[in-house]
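Observations on the three-dimensional arrangement
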Amino acid sequence: MEMNTRIISHEFEYFAPNSIQETLILLDQHGSEAKIIAGGTDLVSQMKMGKHTPAYIIDIKRIKELQYIAGDMVLKIGAGNNLRGVMNFFLPASVPYAGLYESIRSIGKTQVLNMATIGGNLCNGSPKADTAPPLLTYDARIKLVSLKGERILALKDFHSGPNRTIMEANELMTEIQLDKLPKGTSSAFEKKARVGADISKITCAVTVVRDGDVCRSCRIALGAAAPVPMRAFQAESMLTGKIMNDALTEETSQQVAQEINPPTVGRTHPEYRRHLAAVMFKDGFRRAWQQAGGGK
Amino acid sequence: MERELTVVGNRMPMLDAAAKAKGTAQFIDDLVLPGMLHGKILRSPLPHAKILHIDTSKAEKLSGVKGVMTGTDIPDRKYGIVPKAKDEYALAKTKVRYIGDEVAAVCAVDPEIAEEALELIKVDYEELPAVFDPMEAIKEGAPLVHADVQKNISASIRKEFGDVEKAFGESDFIFEDTFYSQAVNHAPLEPHGALAQYDPKGELTIWSSTQIPFFLRRNLSTTLLVPESKLRVIKPKVGGGFGQKVDMFAKDFCACWFAMNIGRPVKFIYDREEVFIGTRQRHPVYLSVKTGLNKEGNILAQQFKAYADGGAYNSTAPVMITLMGFFLMIPYKVPNLLHEGYHVYTNKPVGGAMRGHGIPQARFAVERQLDMIAERMDLDPGEIRIRNSIHAGEPHPAKFVINTCGFVDTVKKAAEGIGWAQKRGKLPFGRGVGMAGGSFPSGVSNMSHISSGAVVQLGREGAVNVLTGAADIGQGAETVIGQIVAEELGVLLEDVRVTAADTGITPLDPGTFGSGVTVRAGNAARLAAISVKNKLFEIVSEKLEASVDDLVAEKRKIYVKGSPDKGMTLSDALKAYQYGDHPMPIVGRGSWMAPTTEPTTLLKENGNFAPNYSFMTQAAEVEVDPQTGRVKLLKMAAAHDCGKMINPLLVEGQLEGSVVGGMGQALYEDVIVEKGQVMNPSFLDYGFPTAMEMPEIEAIEVETIDPLGPFGAKEAGEGTQVSPAPAIVNAIYDAIGIDFMEMPVTPEKILKALEEKKK
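Residues numbered from 1 in each chain as written. Chains lettered and ligands numbered in written order. Predicted model: local features only at pLDDT ≥ 70, side-chain atom pairs only at ≥ 80, totals over all residues. Heavy atoms only, no water.

A word on the domain arrangement of chain A
Inclusion rule: The source of the domain bounds is an automatic or database domain assignment.
Domain boundaries in chain A define domain 1 (13–59), domain 2 (64–179) and domain 3 (185–291). Centre-to-centre, using C-alpha coordinates, domain 1 of chain A lies 35 Å away from domain 3 of chain A.

Here is the structure:
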């Protein structure tokens, strides 16, 4: 039984480095016994529940080098940006990235958005992370840095299981990279939870590239639908280059429902999650499709 | 009383609103005493087990630990809020009965060390077979939660009014349906806490987050073996209770015990998980209702059966099953009723008083069935309610005395508020409206000798001091009492200071339960204020050469009725009083209990239950998304006859709270227990409705002036909670044509039902 005692009962040493370099040195020394804290919105409650008992806490909240959003052909988002900052950057006027905006807005709570960071949302590794599905549909890449060098990999290869990632103990996520999206692109995000401002029961992001009535491509990703945030590649392939009609959307939604791998434990029945996945894909697709058509 | 009221009836912020908004109000967790220690409780990880041995030696040796106690250290005295149903030790002696049962306590110099020490206590258990469902627990051969309670039925009632069998024989229609109402948690924002201090003279003071300071004093006295005269219970600010704080808990007892034995102040604050698991919850109840009616739709007879899942201990068990049955007799005229209620032990968290106390579960069943009956008999749900309403002054089948009853008005006004005539049965698929009625006692009269006292002092400078035992837990009792006194004395609310709920200072009061505070403590305070006023008026009447009966006190002035310029200021009146060689301050005392008849138990003979009764109807409009099964409550129109509203702002607050509580129970909340383990004991996992689920709420006044309430007031607290949940579930029927017989109505249940309907 995980008991949230409201108390972090174990002792730990606290570091607040001022630069990426200092952070990497600390990680090199203490990585396997350390936890990085940014906003702490996930980590602190996990520590109170005894899920993590790190000997070292490395606080990266103050590192300005991690807080930027810049670039033209490749948009680079520093991992240390708080979610509110990212959300404001992608105001809904930014049609291509509407899904990311909506995913952050769905988290709802101002206090949380001011604290939580986009890097933290991904590095926490939760299959429910709200920003993961839209980023997956943008084919986002992430940059991981250590004293030994850096590597850039696709976000879809980052999560390795429930609450697990492929990140090494000495690595720091510094950046999320998004390629500029082609003309006619739009995206949408759908989320179901019991109540507003709640942890997701299931989420779905859809990004479409539209050319008149033709769907050039469609990318579909879901959260809390499998052990890791996932893409529904087979469903996507059903739409590539197709003239859109309601029957095709319906057929694709059934494929989305088939393709997910919902957990069989917990209080939401897997069949209900499949049902929701289909409904949410349809809703998300409809909205993205309309936005991409310039309001047609 | 022919003059206009100037304080009573006004929308006034609570006396402590500013302090709470600024964060300066002092709750238990804000209190710090020199040398204070922090306590923590070790709880059972098993649902049912014998305690073979407890080894505390390692915990005692941990640096910073100042005390460790177990059940073997404490007197062999059980506690319980109902004297005849005491069944709980502050710490388990030989056996644990649910996951969360208290086994040991530690106090240390800080909470972290106390927490660490808990992990060092080694308990050897012998696990026993456990039972988790009341329908299993009553079977022959089921494990006994308490060895001396056969079939695990710890309290039962069989009460008949009239002749039910005969009336069913005369009925044209008979309907029988079964329902289930789930466990929900009160979840007051302030978790439970206690801080105790012992002084060398042998006096023990405890600050506790309690709704019942005087009952707590009695329970502490009998379990600690300390005379009540040496015990002082102080209630600081309390951040909500909803009935969960109507009880004693291990934290109260252990804080006192450590303080007495160590000589240092000790504080316990429960975690949110402990509040969910180790305090109280609304009883889950299996209900069946059989109703007989004539062709016109008048109820002739009702047979009601309830099995309440009480969890491991009694708490309020006998009261809960009794209330559940007696309040089937209002707001509808049920000439013949048979109520059978059973409180059944299981190895689960303990049921207790929760806003409405058994009545919401019964009302869910009755109000749902009434709608189903209306459908089967082709009657409008509003019409069947109006047709069966009781009325003021009519003979009552259970001999309740109903002096005022606005029920029919509440049905009509709630219907109007929700647009019933245009909407019921007429909205597109997925949208619907529904209503539910209810009624509630303003405290009790005949079930026990319960009374409140008050002292009012008026000083030379015009300042008023009120002493009342009433326990303000955030509902605004002190404000209401202040308004009543200010109105009676003709001063402003800002002239009144209320000192409350301190058993060492304030007069006796039973506490906040049964929705009786405004009527009972309000009447006591009013009597005390009248006594002060009479003394002052005697002097003023001489000065003004007018009869005492013709004087009016209002806005710091006293004048002759009808001639506002013939008068004097309160300040001059007090000067005259003092210079007339009358002793200051002027002190008035009052005490009040509801009129009773003998014998005072309604279990033996029919009679009146409460000084007066509130009546209400809530009407809901919902939208059901047939794709996802999600329900959105769009609007709730809440009409409540609470007599004269002392403070409409506070009544609206109660109504708003009731709508949220009703939404939670109807749509979202459920204490999920698997093999005795609560699976969702946190705000995150439990899933309360949030600000984002709030519907439009229309609070509708239905004022009656009740002869027994202070200024005509009746209750407006717990009663508001009985109708919202069934109103929502009734609206879901109107929206999608499906009758749900259990709560919560989750999206999954709705989708499943819609699919089955298609087949």
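Structural notes on the domain arrangement of chain B
Residue and element names in this part refer to chain B. In plain terms, the rule: Should any heavy atoms of two residues lie within 4.5 Å, those residues are considered in contact. Here the quantity called buried area is the accessible surface, traced with a 1.4 Å probe, that two parts lose on coming together, added over both. For this analysis, a salt bridge means a side-chain nitrogen from Lys or Arg found within 4 Å of a carboxyl oxygen belonging to Asp or Glu. N or O atoms within 3.5 Å of each other form a polar contact, as long as, within protein, one can give a hydrogen and the other can take it, and as long as residues adjacent in sequence are counted only when both atoms are side-chain atoms. Where helices and strands are cited, they refer to DSSP runs of H or I of at least four residues and of E of at least two residues respectively, numbered from the N terminus. Amino acids are sorted into nonpolar (Ala, Val, Leu, Ile, Met, Phe, Trp, Tyr, Cys and Pro), charged (Asp, Glu, Lys and Arg) and polar (every other residue, Gly among them).
Along its sequence, chain B is organised into domain 1 (17–24 + 451–593), domain 2 (31–128 + 193–240 + 245–278) and domain 3 (281–445 + 600–758). Of the residues lining the interface, 19 residues belong to domain 1; the matching set on domain 3 comes to 20 residues. Approximately 1,400 Å² of surface area, both sides summed, lies buried where domain 1 meets domain 3, with 64% of it carried by carbon and sulfur atoms. Here domain 1 is connected to domain 3 by zero salt bridges. Where domain 1 meets domain 3, there are eight residue pairs in polar contact (both at pLDDT 80 or more). Secondary-structure elements contributing two or more residues to the side of domain 1 that touches domain 3 are helix H14 (477–489) and helix H15 (517–544). Among the residues forming the side of domain 1 that touches domain 3, the class breakdown is five nonpolar, ten polar and four charged.

Section: the side chain of Ser181(B)
All names here are of chain B. The condition that has to hold: For every residue, the accessible area (1.4 Å probe, protein chains only) is compared with the maximum for its type, and the residue is labelled buried under 20%, exposed over 50%, or partly exposed between those bounds.
Counting through the fold element by element, Ser181 comes out in strand E8 (residues 173–181). Exposure remark for Ser181: the relative accessible area of 1% places this residue in the buried category. A distance of 3.4 Å separates polar atoms of two side chains, one belonging to Ser181 and the other to Gln665. If near-sequence neighbours (up to four positions away) are discounted, Ser181 is found in contact with His283, Pro284, Val285, Leu287, Gln361, Gln665 and Met743.

Quick notes on the packing of aromatic side chains
Residue and element names in this part refer to chain B. Heads up, the rule is: Think of it this way: a Phe, Tyr or Trp ring, Trp meaning its six-membered ring, pairs with another when their centres are within 6.5 Å, and the plane angle makes it stacked under 30 degrees, edge-to-face over 60, tilted otherwise. By definition, being over a ring means that NZ of Lys or CZ of Arg is both within 6 Å of the ring centre and within 35 degrees of the ring normal.
Applying the stated criterion to the full structure yields 25 aromatic pairs over all chains. Aromatic rings pair up to connect Phe161, Phe326, Phe327, Phe400, Phe440, Phe609 and Tyr613 into one cluster. Directly above the aromatic system of Tyr270 lies the positively charged group of Arg43, at a separation of 5.0 Å from the ring centroid. The ring of Phe711 carries the charged tip of Arg526 above its face, separated from the ring centre by 3.9 Å.

Description of the pattern of salt bridges
Residues and elements named next belong to chain B. Applying the stated criterion across every chain, the model contains 57 salt bridges over all chains. Residue Glu190 pairs with Lys245 through a salt bridge whose shortest N-O separation is 3.0 Å. Taken together, the residues Glu190 in the loop between E8 and strand E9 (193–199) and Lys245 in the loop between strand E11 (231–234) and helix H7 (250–262) connect sequence positions 55 residues apart. Overall, the relative accessible area of 0% leaves Lys245 in the buried class.

So, helix H16 (residues 570–579) of chain B
Each full turn of the α-helix corresponds to 3.6 residues, which orients residues three or four apart in the same direction. Residues and elements named next belong to chain B. Applied cut-off: The directions considered for the arc are those from the helix axis to the C-beta atoms.
Considered for burial, the residues of H16 that qualify are Leu570, Ala573, Leu574, Ala576 and Tyr577. The buried residues of H16 occupy an angular sector of 160° when the element is viewed end-on, so they sit on one face. Lining the buried residues of H16 we find strand E17 (451–458), H15, strand E21 (557–560), strand E22 (563–569) and strand E23 (586–593). In the stretch just after H16, Asp581 is the one whose phi turns positive, near 65°.

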